[in-house]
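Structural description and commentary
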Amino acid sequence: MFANVAKAFSSVSLCSAARVLNQQTRNTFVLKRRNPPTLYKKNQKPGKLRGRHYVYDLVEDTTIKKKPNLEVVLTSFVEGIGSKGDVVSLKPHVAYNKLLLPGLAVYKTPEAVAQYASAKEDKEKELHSSAYAQRTVNKLEEIVLAVVMNKDHPWVIERWHIKASLRKAGFYVPEDAITLPETPIAGPDMLKQNKEFYCTITINNLEKARLRCRIHHWSTEPSERLTYVFEHWKMQAEPLFGDATAPEPKKE
């Protein structure tokens, strides 16, 4: 009995190291001999290679070679890329991680192109006028637009005031795409200073974005100017027309 136990323990090594997982990689190196060996005649014994014959020059390394773009067919709308049924060409890692793995696209094949070709006229196409329209809506709804008005002369806010303020913020919007509140906003009125109101921006006659605007009075006379508030857009502001952020009552 003791002999069997001793034999079993003798086969186990206390210092045995875990085996390292060796995984094959798809690497290809194209090499060229710097000194090619001399040719030999048919049925002649090849000559012995010397050390100089084992010196190689690297011609191409596929690990650093730029991979070509991958063409895929979108199965649904993807913001900033395209609509359902569109054939797009993207970098391999972008196509794999953002489209193929989440199931938003399939590989481009004649069958896939024919299957999703009719999907371009679906209702989903009507919900998005372009691939970048929703991204523009998100950007407009993130900002707080400062509408700077004159402190010394009377005014009424019009669409071109919003257009000029948007241009200062880096957005170029035509006047016919701007919808002002139904109630006119007139001034100068210091009670309206730093109060918020909403405008509607229509993109491609389809998408609509709610734009937060704040009134700021400005005077050409330095002595009459209001004290500048640092990062005023991060502070809380009162709505100009009641609680503009309150949800609409549900209709029973």
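The coordinates are above.
Notes on the structure follow. Fair warning: this is a prediction, and the values are worked out from it, not measured in the lab.

Cut-offs and rules
- Residues numbered from 1 in each chain as written.
- Predicted model: local features only at pLDDT ≥ 70, side-chain atom pairs only at ≥ 80, totals over all residues.
- Heavy atoms only, no water.
- Helix = DSSP H or I, 4+ residues; strand = E, 2+ residues; numbered from the N terminus.
- Buried < 20%, exposed > 50% of the residue type's maximum accessible area, 1.4 Å probe, protein only.
- Contact = heavy atoms within 4.5 Å.
- Pairing = 2+ DSSP bridges.
- Arc of directions from axis to C-beta.
- Phe/Tyr/Trp six-rings, centres within 6.5 Å; stacked < 30°, edge-to-face > 60°.
- Lys NZ or Arg CZ within 6 Å of the ring centre and 35° of its normal.
- Axes fitted to C-alpha atoms, helices over the stretch in contact; angles between N-to-C directions.
- Core = buried A, V, L, I, M, F, W, Y, C linked by side-chain atoms within 4.5 Å.
- Patch = residues over 30% accessible without salt bridge, like charges linked within 9 Å, V, L, I, M, F, W, Y side chains within 5 Å.
- Areas by Shrake-Rupley, 256 points an atom, 1.4 Å probe, with all protein chains shown as cover.
- Salt bridge = Lys/Arg side-chain N within 4 Å of Asp/Glu carboxyl O.
- 1 Å grid on protein atoms, 1.4 Å probe; cavity = no way out; pocket = protein on both sides within 12 Å on 5 of 7 lines; lining within 4 Å.
- Points joined across faces, edges and corners; volume = space filled by probe spheres on them.
- Nonpolar A, V, L, I, M, F, W, Y, C, P; charged D, E, K, R; others polar.

Okay, the overall build of the protein chain next. Each helix and strand in the protein chain was counted, giving six helices and 11 strands. For the protein chain, with 252 residues in total, the buried portion stands at 25%. Put simply, of all contacts in the protein chain between residues at least 6 apart along the chain, 59% involve residues at least 24 apart.

On to the pairing of strand E6 (residues 144-150), then. Alternating positions in E6 separate cleanly, Leu 145, Val 147 and Met 149 being buried on one face and Val 144, Ala 146, Val 148 and Asn 150 remaining unburied on the opposite face. Pairing analysis gives seven bridges linking E6 to strand E11 (residues 207-218), with the strands arranged parallel. Residue Val 148 lies in a different strand from E11, and its bridge partner there is His 216.

Cis peptide bonds are those with omega within 30 degrees of zero, and the linkage from Gly 187 to Pro 188 qualifies with 5 degrees. For Pro 188, the location among the structural elements is in the loop between strand E9 (186-187) and strand E10 (196-203). Residues other than glycine seldom take positive phi values, yet Asn 43 does so here, at roughly 65 degrees. Examined against the element boundaries, Asn 43 turns out to sit in the loop between strand E1 (29-33) and strand E2 (56-61).

Moving on to helix H5 (residues 133-142). If you check which residues of H5 are buried, you get Ala 133, Val 137 and Leu 140. End-on, the buried residues of H5 take up no more than an arc of 70 degrees, which puts them together on one face. Contacts from the buried residues of H5 go to helix H6 (159-168), E10 and E11.

The tally for this structure, following the rule as stated, stands at zero aromatic pairs. A cation sits over an aromatic face here: Arg 210 above Tyr 198, 4.0 Å from the ring centre.

Here the focus is the sheet that holds strand E4 (residues 87-90). Ordered in space as E4-E3-E5, the three strands form an open sheet in which the pairing is antiparallel. Edge positions in the open sheet fall to E4 and strand E5 (105-107), since each of these has one partner strand only. Pairwise comparison of adjacent strand axes, ignoring direction, gives a mean angle of 40 degrees for this sheet. Sheet analysis places strand E3 (residues 70-74) next to E4, joined by four bridges and oriented antiparallel. By the bridge assignment, Leu 70 is partnered in E4 with Leu 90. Against the sheet, helix H2 (residues 92-100) makes contact with E3, E4 and E5, and its axis sits at roughly 20 degrees relative to E3, the strand it touches most. Against the sheet, helix H3 (residues 110-117) contacts E3, E4 and E5, and its axis sits at roughly 30 degrees relative to E3.

One recurring pattern in soluble globular proteins: nonpolar side chains tend to sit buried together. Within the largest apolar cluster, 23 residues are counted, with the highest numbers of intra-cluster contacts made by Val 147, Ile 157, Ile 162, Leu 166, Phe 197 and Cys 213. Mapped onto this core, the elements with two or more residues apiece are H5, E6, H6, E10 and E11. Aside from chain neighbours lying at most four places away, what touches Cys 213 is Leu 145, Val 147, Ile 162, Lys 195, Glu 196, Phe 197 and Cys 199. Counting residues in hydrophobic clusters, the runner-up holds 10 residues, among them Val 78, Ala 95, Leu 99 and Leu 100.

We now examine a nonpolar patch on the surface. On the surface, Phe 29, Leu 31, Leu 49, Tyr 54, Tyr 56 and Leu 58 cluster together into a nonpolar patch covering about 610 Å² of accessible area. Of all elements in the fold, only E1 and E2 reach the threshold of two or more residues within the nonpolar patch. Its place among the elements puts Leu 31 in strand E1.

By volume, the largest pocket amounts to about 310 Å³. Residue lining of the largest pocket: 13 residues in total, with Gln 193, His 216, Thr 227, Tyr 228 and Val 229 positioned closest to the centre. When residues of the lining of the largest pocket are assigned to their parent elements, the largest contribution, three residues, is made by E11. Taken together, the residues of the lining of the largest pocket break down into six nonpolar, six polar and one charged. Of the pockets and cavities examined, the second largest pocket occupies roughly 260 Å³. In terms of lining residues, the second largest pocket is bounded by 14 residues, among which Ala 146, Val 147, Val 148, Ser 165 and Lys 168 are the most central.

This brings us to the pattern of salt bridges. Overall, the coordinates contain eight salt bridges when judged by the stated rule. The residue Glu 238 makes a salt bridge to Lys 195 at a minimum N-O spacing of 3.9 Å. One end of the pair, Glu 238, is in the segment after E11; the other, Lys 195, is in the loop between E9 and E10, with 43 residues separating them in the sequence. Residue class for Glu 238 comes out exposed when judged on its relative accessible area of 52%. You can call Lys 195 partly exposed: its relative accessible area is 22%. Taking the shortest distance from any N to any O, the salt bridge between Glu 231 and Lys 234 comes out at 3.1 Å. Exposure remark for Glu 231: the relative accessible area of 25% places this residue in the partly exposed category. Connected through salt bridges with shared partners, the residues Glu 196, Arg 212 and Arg 214 form a single ionic network.

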